[in-house]
Amino acid sequence: MSDKIKFTMDGVEIEATQGQTIMQAADEAGMYIPRLCAHKDLLPFGSCRVCTVMVNDRPQTACTQPVSPGMSVESETEELNDIRRSIVEMLFVEGNHYCPFCEKSGNCELQALGYRLGMLAPRYPYMFNKHDVDASHPDIYIDHNRCILCARCVRSSKELDGKNVFQFVGRGIHKRVAFNSDTDLSGTDVSVTDKAIENCPVGAILKKRSAYAVPIGKRKYDSQPLGSDIESRKAAVKQG
Amino acid sequence: MAKPKIATASLAGCFGCHMSLLDIDDRILKLVELVDFDKSPVDDIKKFTGRCAVGLIEGGCCNEENVHNLQYFRENCDILISVGECAIMGGIPAMRNNIPLKECLDEAYLNGPTVYNPSGKIPGDKELPLILDRVYPCHEVVKMDYHLPGCPPPADLLWQALVALLENKPMDLPYEVIKYD
């Protein structure tokens with residue numbers, strides 16, 4: 001087939017379809033590239049930089065960079081994983097991430113990425129910035145302390161829910177998620193069934209009255225590292 | 001050869017991490033064969049009796065006594081380990097960190113709905129350690145050599161990390177034991 005191309009990632013030859021991103025091709029081949037803002041149902045965004053890989057010795061985000069024939073991609077290197085860990089650490093010190101009592105703990109992608117990358121304590125000083133909680137909506141609340149500004153809610157609302165509930169305001173350290181409302185979250189047309197709620201990787205947007213439903217030890221990332229669903233495809237790909 | 005010595009402290013913590021250490025069950029008999037306990041709430045020794053191989057610190061620093069105690073441990077321990085989320089990031093006590101100290105004290109001693117305080121004063125006895133402007137993680141006060149996360153860190157993590165250190169072997173910790181909650 002003419003639209004099939006081949007490239008190598010970490011020394012493994014991967015067959016991909018022209019037009020795919022590196023991340024899509026690697027996922028299909030069962031090779032996991034760490035990520036935070038990327039989501040399989042959303043358009044590539046490239047903001048968190050966690051999926052940065054070396055493409056022919058140049059850094060590129062795997063979620064936005066298309067594959068090309070013969071390209072050489074490096075992902076699982078000590079240097080790249082240290083950069084990824086440092087990004088996760090910056091997110092941990094900039095927000096207020098109290099894992100011990102967070103409802104998302106055990107199912108949180110930021111936390112699971114910390115586990116996967118071996119973060120024991122961040123190398124940066126904690127900032128303890130002040131952030132608000134909006135619990136005005138009857139079914140949903142948003143805790144800005146836990147927000148990592150991945151824009152999954154912004155994009156999900158627009159791309160999947162056909163709404164425009166969330167948007168960023170402010171710049172730099174003052175950047176935060178705001179709502180399409182004159183008042184607060186209750187003044188928007190957000191619904192508890194929106195994909196924007198489901199796709200939040202952390203405990204920033206949560207459904208009320210659903211916390212701590214799964215006991216410790218049985219939560220998503222208690223015994224299975226983040227990305228192991230993708231990596232389990234590898235055996236299938238080899239057999240196939 | 002004399003057994004290496006271990007010291008432990010609970011700073012701004014809840015003693016849950018110490019409970020988790022006791023949760024190693026009958027391995028505590030092996031631990032007593034491996035080490036002697038020096039300054040620790042476990043044996044109630046108040047002052048270091050000699051140099052310690054390992055110091056385990058639970059809790060962050062919320063007052064000046066915590067800081068002095070942590071510095072005392074740093075001076076007397078070869079290896080100092082942050083044990084648990086409070087030592088690593090301040091934990092629950094650090095929830096006051098983005099509220100001005102005066103507001104916290106006013107709420108606790110003057111304005112809180114259940115406060116009974118006829119004196120109308122915030123306690124200021126010089127015997128009380130001065131409270132810090134915010135709660136500090138241990139590694140922002142002194143150099144910490146290792147961090148064992150968890151709330152509390154599982155007994156298996158504490159046990160495996162301690163044994164690896166004492167036997168001078170690399171720590172090969174399974175995925176399940178490193179958790180932040």
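Up top you'll find the structure we're talking about.
A few points on the structure. These numbers were taken from a predicted model, which means no experiment stands behind them.

Thresholds applied
Residues numbered from 1 in each chain as written. Chains lettered and ligands numbered in written order. Predicted model: local features only at pLDDT ≥ 70, side-chain atom pairs only at ≥ 80, totals over all residues. Contact = placed C-beta atoms within 7 Å. Helix = DSSP H or I, 4+ residues; strand = E, 2+ residues; numbered from the N terminus. Nonpolar A, V, L, I, M, F, W, Y, C, P; charged D, E, K, R; others polar. Buried ≥ 20, exposed ≤ 12 C-beta atoms within 10 Å, placed from the backbone. Pairing = 2+ DSSP bridges.

The interface of chain B with chain A comprises 22 residues on the first partner and 16 residues on the second. The element contributing the most residues to the side of chain B that touches chain A is helix H4 (residues 85-89) of chain B, with three residues. For the side of chain B that touches chain A, the per-class residue count stands at 10 nonpolar, seven polar and five charged.

So, about helix H3 (residues 109-117) of chain A. Residues and elements named next belong to chain A. Taken across its nine residues, H3 has nine buried, putting it largely inside the fold. When H3 is considered as a whole, its buried residues turn out to be Glu 109, Leu 110, Gln 111, Ala 112, Leu 113, Gly 114, Tyr 115, Arg 116 and Leu 117. Where H3 is buried, its residues meet helix H2 (78-94). Just past H3, the residue Gly 118 takes up positive phi, approximately 75°.

It is worth spelling out the sheet that holds strand S7 (residues 140-143) of chain A at this point. The strands that make up a sheet pair up through hydrogen bonds in the backbone, lying either parallel or antiparallel. All names here are of chain A. Spatially, the three strands line up as an open sheet ordered S6-S7-S10, and their pairing is antiparallel. Edge positions in the open sheet fall to strand S6 (133-134) and strand S10 (205-207), since each of these has one partner strand only. When S7 meets S10, the two strands line up antiparallel, connected through three bridges. Among the inter-strand pairings, Ile 142 is bridged to a residue of S10, identified as Ile 205.

A cis amide bond, omega -5°, links Cys 151 of chain B with the succeeding residue Pro 152 of chain B. If you trace the backbone, Pro 152 of chain B turns up in the loop between strand S7 (146-148) and helix H6 (155-166). The residue Arg 49 of chain A is not glycine, and still its phi comes out positive at about 70°. Assignment of secondary structure puts Arg 49 of chain A in the loop between helix H1 (22-28) and strand S3 (52-55). One non-glycine residue, Phe 128 of chain A, adopts positive backbone phi at about 50°. In this structure, Phe 128 of chain A sits in the loop between H3 and S6.

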